[in-house]
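# Structural characterization, general
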Amino acid sequence: MKPTVYVVGPSDGAGAGLSEMARRLNFGTVQPYGGVPQAEQQVSRTPVCYFLFAAVPDVSALRDVAEAIRFSASRRLRFSPLIYFSESPSVETITRCINMGFDDVVTMPFTRSRVMERINRQIGTQFTYYETPGYFGPDRRGRVSPRNTPADNRKGGQFRRLDIIRNLSTGVNVVRDEFVEHNPRRTLVSARA
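Quick caveat, the model's predicted, so the values are computed rather than measured.

### Considerations on helix α6 (residues 112-120)
For α6, the set of buried residues is V115, M116, R118 and I119. For α6, the arc enclosing every buried residue in end-on projection is 165°, short of the 170-degree limit, so these residues lie on one face.

Now the structure itself:
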């Protein structure tokens, strides 16, 4: 089964270019993003939907859309790949995308082989996602991140760790789902089915 692609962005400029590029790739359907209800209906028919975000002047403007997808009640939608197509390799832009729960940031040049490699790595690979009150997305440890944010100074707290594998036929398969109570002196793990 071929995945559906939603292009998040304007109907002209970077959004139009991203839509055209997506049509040349091997997707089932390419359509403009029309909100969470539309996407929730689609994931019931197409197990995997990609969200490709066109470059914008301020990537923070994408936060509402990213959070609506990441915090959706639909598991298939929550774990959908979010990929931002950046016109520059700005560390600040990449860091903001990571902190919003994006799976990947692709910078120019947007060659067919490079884009397909980045898109294909989202399927059949095990990923670890974390859920906290303010974040849901891939494990971002070891990636570009801001220095000394307030969250870095926390003494502990509870978070949820989920290991997933996306499959084009069955959608999202949760391999492990556990709550972790982090305490600087000790970590408790409670597995869920």
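### Some points on the packing of aromatic side chains
In the structure shown here, the tally under the stated rule is 12 aromatic pairs. Taking 5.3 Å as the distance between ring centres and 65° as the angle between the ring planes, the aromatic pair formed by F79 and F136 counts as edge-to-face. Of this pair, F79 sits in the loop between α4 (75-78) and β4 (82-86) while F136 sits in strand β7 (residues 135-138), placing them 57 residues apart in sequence. You can call F79 buried: its relative accessible area is 3%. If you follow R78 out to its NZ or CZ, it ends over the ring of F136, 4.0 Å from the centre.

### Description of the nonpolar core
Formed by 22 residues in total, the largest nonpolar core has its most connected members in F51, F53, L77, L82, Y84 and F102. Contributions of two or more residues to this core are made by β1 (4-8), α2 (36-45), β3 (49-53), α3 (63-70), β4 and α5 (91-99). Setting aside its immediate chain neighbours within four residues, F53 contacts V8, L18, L62, V65, I69, L82, I83, Y84, F85 and F102. Counting residues in hydrophobic clusters, the runner-up holds 18 residues, among them V48, Y50, L52 and I119.

### A closer look at the sheet that holds β4
Spatially, β2-β1-β3-β4-β5 is the arrangement adopted by the 5 strands of the open sheet, whose pairing is parallel. The sheet terminates laterally at β2 (29-32) and β5 (104-107), the two strands that pair on one side only. Across the sheet, the axes of successive neighbouring strands diverge by a mean angle of 25°, strand direction being ignored. Where β3 meets β4, 3 bridges bridge the pair, whose relative direction is parallel. Within β4, the residue paired with F53 across the bridge is Y84. Against the sheet, α2 makes contact with β1, β2 and β3, and its axis sits at roughly 165° relative to β1, the strand it touches most.

### Quick word on the pairing of β7
Strand direction decides the pairing type here: strand β6 (residues 126-132) and β7, joined by 4 bridges, are antiparallel. Within β7, the residue paired with Y129 across the bridge is P138. If you look at the hairpin formed by β6 and β7, you'll find 2 residues sitting between the two strands.

Definitions and cut-offs
Residues numbered from 1 in each chain as written. Predicted model: local features only at pLDDT ≥ 70, side-chain atom pairs only at ≥ 80, totals over all residues. Heavy atoms only, no water. Buried < 20%, exposed > 50% of the residue type's maximum accessible area, 1.4 Å probe, protein only. Helix = DSSP H or I, 4+ residues; strand = E, 2+ residues; numbered from the N terminus. Arc of directions from axis to C-beta. Phe/Tyr/Trp six-rings, centres within 6.5 Å; stacked < 30°, edge-to-face > 60°. Lys NZ or Arg CZ within 6 Å of the ring centre and 35° of its normal. Core = buried A, V, L, I, M, F, W, Y, C linked by side-chain atoms within 4.5 Å. Contact = heavy atoms within 4.5 Å. Pairing = 2+ DSSP bridges. Axes fitted to C-alpha atoms, helices over the stretch in contact; angles between N-to-C directions.

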